[in-house]
Amino acid sequence: MAASVTWTVLSSNGRSPRSRRVKKPCPKGAQGPSPTEEKRPRTAFSGAQLARLKHEFAENRYLTERRRQQLSAELGLNEAQIKIWFQNKRAKIKKASGQKNPLALQLMAQGLYNHSTVPLTREEEELQEMQNKSS
């Protein structure tokens with residue numbers, strides 16, 4: 001039986017550490033995390049923190065390490081929280097725009113890639129048909 005391992009991550013600004021249990025591999029046939037698995041609760045940003053993050057995002061969608069450190073100190077968040085917020089915001093905008101990566105479209109047409117949870121558009125279906133005919 002494998003021992004449970006807990007990692008402790010110290011934020012670069014010296015604030016309190018957080019712990020998170022390393023996920024154990026799911027048994028064959030099992031789906032999702034087990035109910036006993038420990039997970040850090042979702043971060044609830046204050047209104048002021050959100051307003052500041054949105055303002056910074058409007059100024060620049062990508063942060064330098066130095067700017068991330070400054071925001072961390074100013075907002076009382078750790079750098080990872082700020083980094084993830086920016087990543088999630090970029091992903092949300094990309095998803096909402098409906099734009100697809102040309103390589104992903106090509107691979108989908110060849111049947112080699114389909115991580116989509118929505119039906120193919122008419123354009124994607126036609127591209128897939130053309131690719132299948134030429135194969």
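Residues numbered from 1 in each chain as written. Predicted model: local features only at pLDDT ≥ 70, side-chain atom pairs only at ≥ 80, totals over all residues. Heavy atoms only, no water.

Colleague: Quick question: what am I supposed to make of helix H1 (residues 47-59) here?
Modeller: Since the α-helix advances by 3.6 residues per turn, residues separated by three or four positions end up pointing in the same direction. With 13 residues, H1 should cover 18 Å at 1.5 Å per step; its first-to-last C-alpha distance of 18 Å lies within 8% of that length. For H1, every residue scored as buried is listed here: Gln49, Leu53, Glu56 and Phe57. All buried residues of H1 lie within an arc of 100° about the axis, which places them on one face of the element. For H1, the exposed residues lying more than 90 degrees away from the buried face are Gly47, Ala48, Ala58 and Glu59. (Helix = DSSP H or I, 4+ residues; strand = E, 2+ residues; numbered from the N terminus. Expected span 1.5 Å × (residues − 1). Buried < 20%, exposed > 50% of the residue type's maximum accessible area, 1.4 Å probe, protein only. Arc of directions from axis to C-beta.)

Colleague: What is the right way to look at the packing of helix H4 (residues 102-109) against helix H5 (residues 122-134) in this model?
Modeller: Two numbers describe a pair of packed helices, the interaxial angle and the distance between the axes. Relative to each other, H4 and H5 sit at 55°, their axes nearing to 8 Å. By the angle class used here, H4 and H5 are oblique. Crossing handedness for the pair H4 and H5: right-handed. Here Leu105, Met108 and Ala109 of H4 lie close against H5, whose contacting residues are Glu124, Leu127, Gln128, Gln131 and Asn132. A breakdown of the residues in the contact of H4 with H5 according to their chemical character gives 4 nonpolar, 3 polar and 1 charged. (Axes fitted to C-alpha atoms, helices over the stretch in contact; angles between N-to-C directions. Parallel < 35°, antiparallel > 145°, perpendicular 65-115°, else oblique. Left-handed = near helix turned anticlockwise from the far one by under 90°. Contact = heavy atoms within 4.5 Å. Nonpolar A, V, L, I, M, F, W, Y, C, P; charged D, E, K, R; others polar.)

Purely geometric numbers; function is a separate question.
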